[in-house]
Amino acid sequence: MASRADDPSLGWRAISAQFAVLREERAAAEKAAAMREAERQAFRAWSAHISRTVITAAHEVLSRRVAQLQETTGLPLEVGMRVSESIQGVAYGTEYVHVQLPPCRVDLYATWMDDCPPHIHFALTTWLSHRHPRMVSFPGCELLGNADGGCLLRATDPARYGELTSVESLAYRALEMLVRACRAHQAAQAILASGVRIALSRAPYAGQA
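Read on for a plain summary of the structure. (Residues numbered from 1 in each chain as written. Predicted model: local features only at pLDDT ≥ 70, side-chain atom pairs only at ≥ 80, totals over all residues. Heavy atoms only, no water.)

1. A look at the overall build of the protein chain
Just so we agree on the cut-off: Secondary structure elements follow DSSP: runs of H or I no shorter than four residues count as helices, runs of E no shorter than two count as strands, and numbering proceeds from the N terminus. Computed by Shrake-Rupley with a 1.4 Å probe, the accessible areas treat only the displayed protein chains as cover when residues are assessed.
Across its full length, the protein chain carries two helices and seven strands. Moving toward the C terminus, one meets the helices and strands of the protein chain in the order α-β-β-β-β-β-β-β-α. For the protein chain, the accessible area works out to roughly 13,800 Å², and carbon and sulfur atoms hold 59% of it.

See below:
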């Protein structure tokens, strides 16, 4: 007489039960993965929206301040902005506003990834020549959501790390960075010109032994 262990119907029922458990586990895993993806998409959309909001606000502040500076100084300052609608994957530098006074330019640009909040950075570019620009990036702030659906700006540069900041402060830093860079470039050009004049003054005249 066959034992229960040798009964094929019992074995098939056990296998069916295991596959039923597997089906439930797969369904739960797929549901969890779908929820994580939905959260990622929501975070990407929020990151893009809040970055665009801050960059647009910075553009408004800079436009107003630059207009005042143009009126009082007559300098050819320029402000511009670029905004991208892409929110897929990692977004790097897709939202930015710039202010420039040739040969120097400062950009405020936004970056974000799935595992960290959006950040605003500064990029200072100086054209030593038309073909050889020099660019240095500096930390600005991170954007954190608040209870009102807006965001807080928390400084990430070493001097102010962790302190709350504002769009007005970001605009001020951009203009401060620009004027310092322009003055430094102007001073360097004056030193180079002075060196050339000294070298020429010491050079022998044509035909002189």
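2. So, the layout of surface pockets
Quick reminder of the rule: For cavity detection a 1 Å grid was placed over the protein atoms alone, and a set of points counts as a cavity when a 1.4 Å probe fits there but cannot get out; an open set counts as a pocket when protein lies on both sides within 12 Å along at least five of seven lines, with lining residues being those that have an atom within 4 Å of a point. Grid points are joined across faces, edges and corners, and a volume is the space filled by probe spheres set on the points. Charged means Asp, Glu, Lys or Arg here, nonpolar means Ala, Val, Leu, Ile, Met, Phe, Trp, Tyr, Cys or Pro, and polar covers whatever is left, Gly included.
Empty space within the largest pocket amounts to approximately 260 Å³. With eight residues, the top contributor of residues to the lining of the largest pocket is helix α2 (residues 167–202). Each pocket or cavity is described by its volume, and for the second largest pocket that value is around 210 Å³. Lining the second largest pocket, in full, are Leu124, Thr126, Leu128, Arg134, Val136, Ala181, Ala184, His185, Ala188, Gln189 and Leu192. Among the elements of the structure, β4 (116–127), β5 (133–145) and α2 are those that each provide at least two residues to the lining of the second largest pocket. Counting residues per element, the lining of the second largest pocket draws most heavily on α2, which supplies six residues. A per-class count over the lining of the second largest pocket returns seven nonpolar, three polar and one charged.

3. Thoughts on the pairing of β5
The line we're drawing: Should DSSP find at least two bridges between two strands, the strands are taken to pair.
Pairing geometry for β4 and β5, over nine bridges, is antiparallel. Bridged to Trp127 within β5 is Pro133. Judged from the five bridges that link them, β5 and strand β6 (residues 151–155) form a sheet pairing that is antiparallel. Residue pairing across strands places Glu142 opposite Arg154, the latter belonging to β6. Connecting the antiparallel pair β5 and β6 is a turn made up of five residues, with Gly149 showing a positive phi of about 90 degrees.

4. Thoughts on the state of the cysteines
We apply this condition: Our working definition of a disulfide is a cysteine sulfur pair at a distance within 2.5 Å.
This structure, assessed with the given rule, holds zero disulfides. For Cys151, which is in no disulfide, the shortest distance to another cysteine sulfur is to Cys141 and amounts to 8.0 Å.

5. Comments concerning the pattern of salt bridges
If charged atoms from side chains of opposite charge come close, those side chains can pair. What counts here: A pairing counts as a salt bridge when a side-chain nitrogen of Lys or Arg comes within 4 Å of a carboxyl oxygen of Asp or Glu. Per-residue accessibility, obtained with a 1.4 Å probe over protein chains only, is compared with the maximum for each type, and a residue is labelled buried under 20%, exposed over 50%, and partly exposed between these values.
Counting across every chain of the model gives eight salt bridges. The residue Asp107 makes a salt bridge to Arg105 at a minimum N-O spacing of 2.9 Å. The buried category is assigned to Asp107, whose relative accessible area is 10%. Salt bridges sharing partners connect three or more residues here, namely Arg64, Arg65 and Glu168.

6. Remarks on the pairing of β6
Alternating residues of β6 divide into Cys151, Leu153 and Ala155, all buried, and Leu152 and Arg154, none buried. The sheet contact formed by β6 and strand β7 (residues 164–165) spans two bridges and is antiparallel. Residue Leu153 lies in a different strand from β7, and its bridge partner there is Thr165.

7. Overview of the side chain of Thr111
Defined as follows: We define a polar contact as two N or O atoms separated by no more than 3.5 Å, with the added condition that, inside protein, one atom must be a possible hydrogen donor and the other a possible acceptor, whereas residues neighbouring each other in sequence contribute only through side-chain atom pairs.
Tracing the backbone through its elements, the reader meets Thr111 in strand β3 (residues 104–113). Engagement of the side chain of Thr111 in a polar contact is seen with the side chain of His121, the distance being 3.1 Å.

8. Some words on the nonpolar core
To keep it simple, the criterion reads: We call a set of buried residues a nonpolar core when its members are Ala, Val, Leu, Ile, Met, Phe, Trp, Tyr or Cys and they connect through side-chain atoms within 4.5 Å of each other. Pairs of residues are marked as contacts when any of their non-hydrogen atoms sit within 4.5 Å.
Counting residues in hydrophobic clusters, the biggest one holds 33 residues, and the most contacted among them are Val54, Val106, Leu108, Ile120, Leu153, Leu170 and Leu178. Contributions of two or more residues to this core are made by α1 (8–73), β2 (91–101), β3, β4, β5, β6 and α2. For this core, the element with the most residues is α2, which contributes nine residues. If we ignore the near neighbours within four places in the chain, the residues touching Ile120 are Val54, Ile55, Leu108, Tyr109, Ala110, Pro139, Gly140, Cys141, Leu143 and Leu170.

9. What about unusual backbone geometry?
Excluding glycine, most residues fall at negative phi; most peptide bonds, likewise, are trans. Look at the link from Pro102 to Pro103: it is a cis peptide, with omega at 10 degrees. As for its position among the elements, Pro103 is in the loop between β2 and β3.

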